[in-house]
Amino acid sequence: MRRNEDFSEYVASRWVGLVRSAVLLGCSPAKAEDMVQTALMRCLVSWSKVERADDRDAYVHRVLINTFTSSRRRRWTGERTVERLPELTSLDETGAVDDADAVLRSLARLNFDQRTVVVLRYYAHLTELQSAEVLGIAPGTVKSRLSRALALLADDPQLADLRGTS
Amino acid sequence: MIDHDLSDLLERAADRIPVGPPPLDDVLVQATRHRRRRTGAAMMSSAAAVVVAMVGSALLLSPNSTPPPPVVTPSVAATQPSVAATPPGTRLVGLGQAAIAVPVTWGTNETLCGTPKQDTVVIDVGAIGACLTSRPEGIDSVELTQGPVRFDFAADTTSDIGGLPADRQATTCTASPLEQGSTCYGTIFIPSLAVSFRAESSTDKATVDEILSWIRILPDIVGVPGYQSANLQTPQGDARDRYVAAARAEGLEVRVVTEKRPAIDAGFILDVSPEPGTMVPPGTEVTLTVVAEPEGPADEVRVDINSVGPGDSMDYQGLDDDQIRAGATIELGVGDRIWTYAMGKRSPTLAGELDGTSLTIDPWTKGPNYPHSWIATKEGTTRLTITITADGQPVKIGVVTVVVS
C-alpha cells in the first residue's frame, strides 16, 4: 500500500508542475495536459521502474521529454479518448501583454534544445547532471546549451524589462 | 542574466498558466488498456507485471468454477419505504441519503490491484497499483460513487427506490479474458442524489440483482462523503475547503486536525473519520485530517535515503522522511552505495555532511544524486547530516547513523 500512496501523492503533487513545464517547452495548455497525461500513463505502466529510479523527478521528466520530442517528430497524435472531457483551461487573454506572455515569447526565440535545458534547469530545478541524464547527453553539452541560451535571453529586451520590475 | 532571475521569471510565468485537475482516473484507465494490449490473452500465469488499474473496475475477470455461491441475504427490499433500522446481520454504507445494507461479513475496499478478493464494498478509493490478478470465484462486491457514473452507463429501465427515480442498467456478464468463467455486473444510478451503485459478482447473475435490491433511501441519516475527489482537484491546498463544503452540504459538522507531511500541499486531505460511507445523523461531527501549514523550510521538502549492494544485487534498503527526521540508523556492508534524494521546495539544495570515515563520496559524478551519494568503503560508523539551503542558510533535515560492517 505504501507504493499506492506514493503514487497518488506523486501524481497529486507533481501534476501542475509537469503541465507547466510542458507549456514552457512550447505546448499549448491543452496539449500540455494531454502530453503529461500520456507521459504519466507511460510511467504508470512501468511504475516499478519509477520507484527504483534514484531520482523520480528526473525519470518522469525524461519520459515527458521523450513524449514531447516524439510528438514533435510525428506531430502530436498521442491523445487518448476518454470517457469525460477534462476541465478546459486557457491562458488569461490579458497575457498578450503580461509578463508570462513575454517570458513565453522569449523562450520561443530559443531552439528546442536550448529551450529544453532552460526549462529543466531553471523551472524544474534539475541539476546540470540530472538534465544530462534526462536528455541523454553529456553534462558539457548541457552547459554549452545553457550558455548559448542564457546569452540569447540576456539580449532579449523584453526580459530585461521584466528583470527590472522583479 | 543570473540564475535567480531566470528561475524567478519562469516561476512567475508558470504561475499564470492555468492547469486543470489531474485526470487520474483517465490515466489509470489508459495504463490498464495499455497493459491489456501488451499482455494479450496468452500470458495468464505471470503475475509479475505491475501496472495500474482503476479501483473497483474489475478489469481482470475471474475464473469460474462451480463452488456453492456464498450468498448472503439481507432481507431488504428495493422498494421498501425508508427505515433507519438496519436488518440483522447487515451494515449500512452510503453516500448522501442513499445506502446499501451489506452483510457484516463484507469488508471495505478488500481489493488487490483493483480487483476484489473478498466480498466487499468499494468506496472512495484513489489510485492503486494493479497486477495480473483475477477475481476469485464466488466473490461479490458493490462500488459506490458520487457524481458522474463511472464505467459505461446507459439506463435500460427506470424504477423507484424510496420514492426517488432510479435508473437501472441491466445486469450483464462478461467472459473472462484470463480463464473460463465470467463476472456479472449491473448498476443503479439515482440521479437526484447523483449516487451510483455498481454490483459485481463472480458467483452468478442473480447475485448482482440481489445485491442491488439491498439499496434504500434513508432521509434521516446521511453518508460521510469521500475525500479522494477533493484531493484530485487543484489547487491542492483547497481540498480541505472543498471537503468541508461538501460535508456541510450534507448537514455534517467538520473538525479539522492537521499533521505534518513534508512536500505535500497544506490542506491535502489525509483521512476522514468516521470512514467515508458511514451513515450518521445530520449534525454529526466528522474529523478531517489534513496536511498542516509548513512551519519552516524543512517542512516543504521530503527527503529519502536509499542504498544498494554492489553490482545489480537489487537489495535496496532505505529510510523514509520520518525515519530520517527521527535520527534512524541504517546498516550497510562494505561496498554498498547509499544516497539521499529530495522532493519539494529547495530539493536542488540537498546536501549531506559526513562525520566519520566509513563513507566516501561516490565518484560517479554523472550520477543523478552526485554529490549526495556515498560508498561504504570500510567498517565503522558515520553520522550523516542532511540539509537543504534556504535563504543562504543551511536547514537541517535530520541526522542518520550509518553503520558499515
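Please refer to the structure higher up on the page.
Quantities reported herein were computed from a predicted structural model and do not represent experimental measurements.

1. Here we look at the pairing of strand 12 (residues 182-190) of chain B
Residue and element names in this part refer to chain B.
Piece 1. Counting buried positions along strand 12 yields seven of nine residues, so the element is predominantly enclosed.
Piece 2. Sheet analysis places strand 11 (residues 164-175) next to strand 12, joined by seven bridges and oriented antiparallel. Along strand 12, the bridge assignment pairs Ala175 with Ser182.
Piece 3. As paired strands, strand 12 and strand 13 (residues 195-201) are joined by seven bridges and run antiparallel to one another. Bridging across to strand 13, Phe189 finds its partner in Ser196.

2. Focus: the nonpolar core
It is characteristic of soluble globular proteins that their nonpolar side chains tend to be buried jointly.
Piece 1. By size, the foremost hydrophobic cluster in this structure holds 60 residues, and its most contacted members are Leu24, Val36 and Val118 of chain A together with Leu10 of chain B.
Piece 2. If you tally residues by element for this core, the top one is helix 1 (residues 2-25) of chain A, at nine residues.
Piece 3. Dropping the residues within four chain positions of it, Leu24 of chain A is found in contact with Leu104, Leu107, Arg115, Val119 and Tyr123 of chain A together with Leu10, Ala14 and Ile17 of chain B.
Piece 4. Val93, Leu193, Val195 and Ile211 of chain B belong to the second-largest nonpolar core, a separate cluster that totals 25 residues.

3. Here we look at the packing of helix 6 (residues 112-122) of chain A against helix 7 (residues 128-135) of chain A
Residues and elements named next belong to chain A.
Piece 1. The contact between helix 6 and helix 7 brings their axes to 9 Å, and the two run at 130°. Classified by the interaxial angle, the pair formed by helix 6 and helix 7 is oblique. Regarding helix 6 and helix 7, the two cross each other, and that crossing is right-handed. Of the residues in helix 7, those touching helix 6 at Thr116, Val117, Leu120 and Arg121 are Glu128, Ser131, Val134 and Leu135.
Piece 2. Classifying every residue of the contact of helix 6 with helix 7 gives four nonpolar, two polar and two charged.

4. Some details on the pattern of salt bridges
Residues and elements named next belong to chain B.
Piece 1. In the structure shown here, the tally under the stated rule is 18 salt bridges over all chains.
Piece 2. With its nearest N and O atoms 3.1 Å apart, the salt bridge here joins Arg302 to Asp304.
Piece 3. The partner of Arg325 in a salt bridge is Asp321, and the shortest N-O contact between them spans 2.5 Å. Residue Arg325 and its partner Asp321 are located together in helix 6 (residues 321-325), separated by four residues, close to a single helical turn.
Piece 4. The buried category is assigned to Asp321, whose relative accessible area is 5%.

5. Concerning the sheet that holds strand 23 (residues 337-344) of chain B
Residues and elements named next belong to chain B.
Piece 1. Taken in spatial order, the five strands line up as 21-20-23-26-25 in an open sheet, and their pairing is antiparallel. Whereas interior strands pair on both sides, the edge strands pair on one side only; in this sheet they are strand 21 (317-319) and strand 25 (359-361). On average, adjacent strands in this sheet sit at an angle of 25° to one another, irrespective of strand direction.
Piece 2. Bridge count for strand 20 (residues 301-308) against strand 23 is eight bridges, and the pairing is antiparallel. Looking at the pairing, Val301 lines up with Gly344 of strand 23.

6. Brief notes about the sheet that holds strand 27 (residues 380-390) of chain B
All names here are of chain B.
Piece 1. Strand order in the open sheet made by the four strands is 22-28-27-24, with mixed pairing throughout. If you trace the sheet from one side to the other, it starts and ends with strand 22 (329-332) and strand 24 (351-355), each paired once. If you compare each strand with its neighbour and ignore which way they point, the axes differ by 30° on average.

7. With respect to the packing of helix 6 of chain A against helix 8 (residues 139-154) of chain A
All names here are of chain A.
Piece 1. Running from N to C, helix 6 and helix 8 point in directions that differ by 95°, and their axes come no closer than 9 Å. Our classification of the angle between helix 6 and helix 8 gives roughly perpendicular. Residues Asp113, Gln114, Val117, Val118, Arg121 and Tyr122 of helix 6 form the contact with helix 8, whose own contacting residues are Val142, Arg145, Leu146, Arg148, Ala149, Leu150 and Leu152.
Piece 2. Taken together, the residues of the contact of helix 6 with helix 8 break down into eight nonpolar, one polar and four charged.

Reading guide: rules and limits
Residues numbered from 1 in each chain as written. Chains lettered and ligands numbered in written order. Predicted model: local features only at pLDDT ≥ 70, side-chain atom pairs only at ≥ 80, totals over all residues. Heavy atoms only, no water. Buried < 20%, exposed > 50% of the residue type's maximum accessible area, 1.4 Å probe, protein only. Helix = DSSP H or I, 4+ residues; strand = E, 2+ residues; numbered from the N terminus. Pairing = 2+ DSSP bridges. Core = buried A, V, L, I, M, F, W, Y, C linked by side-chain atoms within 4.5 Å. Contact = heavy atoms within 4.5 Å. Axes fitted to C-alpha atoms, helices over the stretch in contact; angles between N-to-C directions. Parallel < 35°, antiparallel > 145°, perpendicular 65-115°, else oblique. Left-handed = near helix turned anticlockwise from the far one by under 90°. Nonpolar A, V, L, I, M, F, W, Y, C, P; charged D, E, K, R; others polar. Salt bridge = Lys/Arg side-chain N within 4 Å of Asp/Glu carboxyl O.

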